[in-house]
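Residue-level structure breakdown
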Amino acid sequence: DSGVTQTPKHLITATGQRVTLRCSPRSGDLSVYWYQQSLDQGLQFLIQYYNGEERAKGNILERFSAQQFPDLHSELNLSSLELGDSALYFCASSVGLAGSNTGELFFGEGSRLTVL
Amino acid sequence: AQTVTQSQPEMSVQEAETVTLSCTYDTSESDYYLFWYKQPPSRQMILVIRQEAYKQQNATENRFSVNFQKAAKSFSLKISDSQLGDAAMYFCAYWWANSKLTFGKGITLSVRP
């Protein structure tokens, strides 16, 4: 068990809908990362938050947004869903303290999103 | 931009044998970290091994070891005495100074009993 909790584990929805994925990082971790894993694109970095602030942005679509709350949990919001958004969405966390972050991430089990 | 390339999509190994998974990367940095992550059918990403670029000695974790060639920008994973539980997808990843962790596309390893 990595200590990172993601909900829901599975989600099936229709095109055009909006969903929210939730992540609770390991106790003490300040950084939260979101990754999208699809068959054709592999693991794509979406966005990172550190202690409530956006830290880095990757290949995140404008229809997607995220935030990290004061209790450090994070939510990834996906709207106007398309068939191509079907993927496994991972949340990961790290120690994230300046100077001590060695890049090791602790991953949740992922949220499998299916858009029909 | 940093890139990570895993050119082999699939490999197969006989149980108890040794297999090597290849990875190359591109970077202009001199100090960075490289990782191999394992993703079993349970789909959770698990760290297998980590290598600091400033260390010349290759990292080893039990049956897992790496061959790190900094000049060639090559980072391969060797699995010795392969076990059925090693069957999984393996991702090579690169990280530098609080930047994002960049993954290769992964390789599916199957283990034949």
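A brief look at the structure comes next. (Residues numbered from 1 in each chain as written. Chains lettered and ligands numbered in written order. Predicted model: local features only at pLDDT ≥ 70, side-chain atom pairs only at ≥ 80, totals over all residues. Heavy atoms only, no water.)

1. With respect to the overall build of chain A
A count of helices and strands for chain A gives zero helices and 11 strands. Taken from N to C terminus, the helices and strands of chain A fall in the order β-β-β-β-β-β-β-β-β-β-β. In terms of its C-alpha atoms, chain A occupies a principal-axis envelope of roughly 45 × 30 × 25 Å. Looking at chain A as a whole, 51% of its 116 residues qualify as buried. Surface exposure of chain A reaches about 5,400 Å², of which carbon and sulfur atoms provide 48%. Taken together, the 8 basic and 12 acidic charged side chains of chain A have centroids lying 2 Å from each other. (Helix = DSSP H or I, 4+ residues; strand = E, 2+ residues; numbered from the N terminus. Buried < 20%, exposed > 50% of the residue type's maximum accessible area, 1.4 Å probe, protein only. Areas by Shrake-Rupley, 256 points an atom, 1.4 Å probe, with all protein chains shown as cover. Lys, Arg positive; Asp, Glu negative; His and termini not counted. Charge placed at Lys NZ, Arg CZ, Asp CG, Glu CD.)

2. Remarks on the sheet that holds strand β3 (residues 19–24) of chain A
Residue and element names in this part refer to chain A. Taken together, the four strands give an open sheet; going across it, the order is β1-β3-β8-β7, and neighbouring strands pair in antiparallel fashion. Of all strands in the sheet, those bounded by a partner on one side alone are β1 (5–7) and β7 (64–68). Within the sheet, the average angular offset between the axes of one strand and its neighbour, ignoring direction, is 15°. Here five bridges tie β3 to strand β8 (residues 74–78), and the two strands are oriented antiparallel to one another. Bridge pairing in β8 places arginine 22 opposite glutamate 75. (Pairing = 2+ DSSP bridges. Axes fitted to C-alpha atoms, helices over the stretch in contact; angles between N-to-C directions.)

3. With respect to the packing of aromatic side chains
The tally for this structure, following the rule as stated, stands at 17 aromatic pairs over all chains. Centroid distance A:Phe107 to B:Phe103: 6.1 Å. Interplanar angle 70°. Geometry classified as edge-to-face. Within this pair, whereas A:Phe107 is found in strand β10 (residues 106–107), its partner B:Phe103 is found in strand β11 (residues 102–103), the two belonging to separate chains. Taken as a pair, A:Phe107 and B:Phe103 share a single burial class, namely buried. Seen from their ring centres, B:Phe91 and B:Phe103 are 6.2 Å apart, and the 90° between their planes marks the pair as edge-to-face. Residue B:Phe91 is found in strand β10 (residues 88–95), and its partner B:Phe103 is found in strand β11; the two are separated by 12 residues along the sequence. (Phe/Tyr/Trp six-rings, centres within 6.5 Å; stacked < 30°, edge-to-face > 60°.)

4. Description of the pairing of strand β5 (residues 42–50) of chain A
Residues and elements named next belong to chain A. Along β5, eight of the nine residues are buried, which leaves the element largely enclosed by surrounding structure. Examined bridge by bridge, strand β4 (residues 31–38) and β5 share eight bridges and lie antiparallel to one another. Bridge pairing in β5 links tryptophan 34 to isoleucine 47. The antiparallel hairpin formed by β4 and β5 contains three residues in its connecting segment. Inspection of the sheet shows β5 paired to strand β6 (residues 53–57) by four bridges, in the antiparallel sense.

These figures come from the coordinates and say nothing about function on their own.
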